[in-house]
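Each chain is listed here by its residues.
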Amino acid sequence: MFAGLPELGISNGEDLKETLTNCTEPLKAIDQFQMENGILLPTLQSALPFLDLHGTPRLEFHQSVFDELREKLMERVATIAEGKDEDRYGKLEELLEKSFPLVKMPSIQPVVMQVLKHLPKVPEKKLKMVMADKELYKVCAVEVKRQIWQDNQALFGDEVSPLLKQYIVEKEAALFSSDLSILHNFFSPSPKTRRQGEVVLKLTQMIGKNVKLYDMVLQFLRTLFLRTRNVHYCTLRAELLMSLHDLDISEICSVDPCHKFTWCLDACIREKFVDGKRARELQGFLDGVKKGQEQVLGDLSMILCDPFACNTLVLSIMRNLQELLSQEALPRDSSDLMLLLRMLSLGQGAWDMIDSQVFKEPRLDLEVVTRFLPAMMSVVVDDHTFTVEQKLPSEEKSSLSYPTTLPDAFNRYLQENRVACEMGLYYVLHIAKLRNKNALQRLLPALVETYNDMAFGDIFLHLLTGHLTLLSDEFGSEEFCSVVFDGFLLTSFSSKENVHRHTLRMLLHLQHKVLPSYMETLMKTLEPPKQCSEPVKELYTNLMEKLEAQKKSPPPPDETPSLDLGLHPVTVPTTASTPTTPI
């Protein structure tokens, strides 16, 4: 416990033991030991007997004095470090030399740690000693650990790894949240709120102003993104940079070439829309990537691959298409739309770019603009034509039935092109927001086969299940249930456990609306296999319990939520050739 005292010429327990063993008069020896090792203040000696009279042990007195002196010394260390004396760090290093031998003594350790914390460059020998001792490493300040980490990537990786795992677990838990709502979904929290998360704050603190550590974290994120294809690592890449921006850490922000681009995009994500002015700013950053610095595109593509960025871009594309429709203009004529598609394409190609190390913007297939988008518009026209037809007096009605098939170009691009597929999926969400049952029944079966099975990804299913709550009353119809379940969700639930989970999540909210006979069949179909995960079994059990409780008491009436859809309807001029419904 008192290791290090002999090195400083101070007696310890072993010295007292030796003195008492070899002396002839123990009481005199004890007095002598106390005199030599007590507080060296002549005026104190006459006062100590008063403490004895009051029954105050010497240990208690010395301990209180010691604690007071230790606090004063720690304050003095901080004052020296924050002062302007040119030799301030020299003084601290001198103090470190004197105190370091006592670093294992619990009562002195805080002083040593305080000195280490305030030294911008701890002597290498001392750093190695701290690193080699698990107990010392554990209690030293993050300022000291940073100096150890910057030359020990493996050790830093061990510290960061649990945080990165925790981040992914939290994001995936949010996608499988029991809360099912169009108003409170995965994309609801603002960027500023997300940056207050525990993992982002801890990583920000671990990095401090150390550019080397920041680069290491970015390298971990790139490697993990490559290994797992998990887009949440892209979110963390952007959140970390903006967290450092919030703290005004210019040492890092000024050297990250993605800083201004991310800052501008962050403002767009906050407003869930990329306006014309910001679009031009973002374009300027993309066009400003200099020759020889193309590697920056890899990081920019990761930032655009962040689901929050992607969500903002596609919502902006949908709004842009609405405005084009109102102006009777073609998609290819809109420079804003072309830029949004360029950024969406760059984000969607992030994994391929980092994997291949070929830092070049992917070429956007122009047929997405000239064929896919017009095909999507034609679906709007079909829908509008049918709606108008239904409003005509009976004598003017034709035998027009609602179309059930989709244009070939629409289906083909959903399957072959990821940018088109992303827009197609968001168009389905938009149709659900409008509670357009006919259009939804026509579109959902087309999602069984999509590029890279994007329609069965967690983010889309999380959004779709929330949007379908708007059409809860339609689940009383066997035809609608058949399209949603048989025609889409149940086509892959047995091979994709995440689809099984999302289906059960939705039924937990909507089971009282589903046709009872259909619900009975669904429960048999959705019964979890033995080898499935606990969350699926738990959801199924909860659903069974809910159905049992429902049989005993009728469900309360639903309250229809008020909607802020994030897409503002655009009035379209009514002419014979133009549809009047917004896209």
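Per an unreviewed UniProt entry, the recorded name for the protein is Negative elongation factor complex member B, and the organism is Seriola dumerili.

K.L.:
Even after reading the chapter, I still don't get the nonpolar core, so can you show me in this structure?
P.N.:
One broad trend across soluble globular proteins is that nonpolar side chains are buried collectively. Judged by nonpolar contacts, the single largest core of 170 residues is most densely connected at Met-423, Phe-475, Phe-485 and Phe-488. Setting aside anything within four residues of it in sequence, one finds Phe-485 in contact with Phe-475, Leu-490, Thr-491, Thr-503, Met-506, Leu-507, Tyr-518 and Leu-522.

K.L.:
What is the right way to read the layout of surface pockets from this model?
P.N.:
Over the atoms, a rolling probe the size of a water molecule traces out where space has been left empty. Roughly 1,000 Å³ of volume is contained in the second largest pocket. Around the second largest pocket, the lining comprises 36 residues; the ones closest to its centre are Arg-229, Val-231, Met-454, Gly-457 and Ile-459. Of the residues in the lining of the second largest pocket, the class split is 18 nonpolar, ten polar and eight charged.

K.L.:
So what exactly am I meant to see when it comes to the packing of helix α15 (residues 232-246) against helix α17 (residues 259-271) here?
P.N.:
The description of two helices packed together rests on the angle between their axes and the distance between the axes. Between α15 and α17, the least distance of the axes is 10 Å, while the angle of their chain directions is 95°. Regarding the angle of α15 to α17, the classification is roughly perpendicular. Here Ala-238, Leu-241, Met-242 and His-245 of α15 come into contact with α17, specifically with His-259, Thr-262, Trp-263 and Asp-266. Here the contact of α15 with α17 is built from residues that sort into four nonpolar, three polar and one charged.

K.L.:
Please explain the side chain of Ser-334 as it appears in this structure.
P.N.:
Structurally, the position occupied by Ser-334 is in the loop between α20 (307-326) and α21 (335-348). With a relative accessible area of 10%, Ser-334 lands in the buried category. In contact with Ser-334, not counting residues within four places along its chain, are Asn-320 and Leu-324.

K.L.:
Explain the pattern of salt bridges to me, please; I cannot follow it from the model alone.
P.N.:
Should their charged atoms come close, side chains of opposite charge can pair. Inspection of the entire model under this criterion finds 26 salt bridges. Of the charged contacts, one joins Arg-278 and Glu-271 as a salt bridge, the two residues approaching to 3.1 Å between their closest N and O atoms. Classification of Arg-278 by relative accessible area gives buried; the value is 19%. For the salt bridge of Arg-342 with Asp-287, the shortest nitrogen-to-oxygen distance reads 2.8 Å. Taken together, the positions of Arg-342 in helix α21 and Asp-287 in helix α18 (residues 276-287) put the pair 55 residues apart, joining distant regions of the chain. With relative accessibility at 22%, the residue Arg-342 sits in the partly exposed group. What emerges from the salt-bridge pattern is a single network uniting Lys-192, Arg-195, Asp-246 and Asp-266.

K.L.:
Got a minute to help me understand a nonpolar patch on the surface in this structure?
P.N.:
Together, Leu-20, Leu-27 and Ile-30 make up an exposed nonpolar region whose accessible area comes to about 270 Å². By secondary structure assignment, the location of Ile-30 is in helix α2 (residues 26-37).

K.L.:
Help me understand unusual backbone geometry in this model?
P.N.:
With a phi angle near 60°, Asp-248 is a residue other than glycine that sits in the positive phi range. Inspection of the secondary structure puts Asp-248 in the loop between α15 and α16 (250-253). One non-glycine residue, Gln-357, lies in positive phi territory at about 60°. When you line up the elements, Gln-357 lands in the loop between α22 (350-356) and α23 (367-391). On the basis of relative accessibility, which here comes to 47%, the residue Gln-357 falls in the partly exposed class.

K.L.:
I keep staring at helix α28 (residues 478-486) and nothing clicks. Help me out?
P.N.:
Since the α-helix advances by 3.6 residues per turn, residues separated by three or four positions end up pointing in the same direction. Within the sequence span of α28, burial applies to Phe-480, Cys-481, Val-483, Val-484 and Phe-485. Elements in contact with the buried residues of α28: α26 (437-443), α27 (458-468), α29 (497-510) and α30 (516-525). For α28, the side-chain oxygen to backbone nitrogen distance between the N-cap and Glu-479 is 3.2 Å, and the N-cap itself is Ser-477.

K.L.:
How should I be thinking about the packing of aromatic side chains in this particular structure?
P.N.:
By convention here, two paired aromatic rings are described through the distance between centres and the angle between planes. Tallying each qualifying case throughout the model produces 13 aromatic pairs. Summarising the aromatic geometry, the rings of Phe-372 and Tyr-413 are spaced 6.4 Å apart at their centres and angled 55° between planes, so their arrangement reads as tilted. Of this pair, Phe-372 sits in helix α23 while Tyr-413 sits in helix α24 (residues 408-416), and the two are 41 residues apart along the sequence. For Phe-372, a relative accessible area of 0% translates into the label buried. Under the relative-accessibility criterion, Tyr-413 is labelled buried at 3%. Judged by centre distance (6.0 Å) and plane angle (40°), the rings of Phe-485 and Tyr-518 are tilted. Taken together, the residues span a long stretch of sequence, with Phe-485 in helix α28 and Tyr-518 in helix α30 at a distance of 33 residues. Residue class for Phe-485 comes out buried when judged on its relative accessible area of 0%. Since its relative accessible area comes to 8%, Tyr-518 is described here as buried. When the ring centre of Tyr-137 is taken as reference, the NZ or CZ atom of Lys-145 above it lies at 5.1 Å.

K.L.:
Honestly, the side chain of Arg-278 in this entry has me stumped. Any pointers?
P.N.:
Relative to the helices and strands, Arg-278 is located in helix α18. Reaching out from Arg-278, the side chain makes a polar contact with the side chain of Glu-271 at a distance of 3.1 Å. When neighbours within four sequence positions are excluded, Arg-278 is seen to be in contact with Cys-264, Ala-267, Cys-268, Arg-270 and Glu-271.

K.L.:
How should the environment of His-232 be read in this particular structure?
P.N.:
Inspection of the secondary structure puts His-232 in helix α15. What makes His-232 buried here is its relative accessible area of 4%. Considering only alpha carbons, one finds His-232 and Leu-164, 68 residues apart in sequence, at a separation of 9.9 Å. With residues near it in sequence (within four places) discarded, His-232 still touches Tyr-167, Ile-168, Lys-171, Glu-172, Leu-175 and Phe-186.

Quick notes on the rules
Residues numbered from 1 in each chain as written. Predicted model: local features only at pLDDT ≥ 70, side-chain atom pairs only at ≥ 80, totals over all residues. Heavy atoms only, no water. Core = buried A, V, L, I, M, F, W, Y, C linked by side-chain atoms within 4.5 Å. Buried < 20%, exposed > 50% of the residue type's maximum accessible area, 1.4 Å probe, protein only. Contact = heavy atoms within 4.5 Å. 1 Å grid on protein atoms, 1.4 Å probe; cavity = no way out; pocket = protein on both sides within 12 Å on 5 of 7 lines; lining within 4 Å. Points joined across faces, edges and corners; volume = space filled by probe spheres on them. Nonpolar A, V, L, I, M, F, W, Y, C, P; charged D, E, K, R; others polar. Axes fitted to C-alpha atoms, helices over the stretch in contact; angles between N-to-C directions. Helix = DSSP H or I, 4+ residues; strand = E, 2+ residues; numbered from the N terminus. Parallel < 35°, antiparallel > 145°, perpendicular 65-115°, else oblique. Salt bridge = Lys/Arg side-chain N within 4 Å of Asp/Glu carboxyl O. Patch = residues over 30% accessible without salt bridge, like charges linked within 9 Å, V, L, I, M, F, W, Y side chains within 5 Å. Areas by Shrake-Rupley, 256 points an atom, 1.4 Å probe, with all protein chains shown as cover. Polar contact = N/O pair within 3.5 Å; in protein donor to acceptor, adjacent residues only side chain to side chain. Phe/Tyr/Trp six-rings, centres within 6.5 Å; stacked < 30°, edge-to-face > 60°. Lys NZ or Arg CZ within 6 Å of the ring centre and 35° of its normal.

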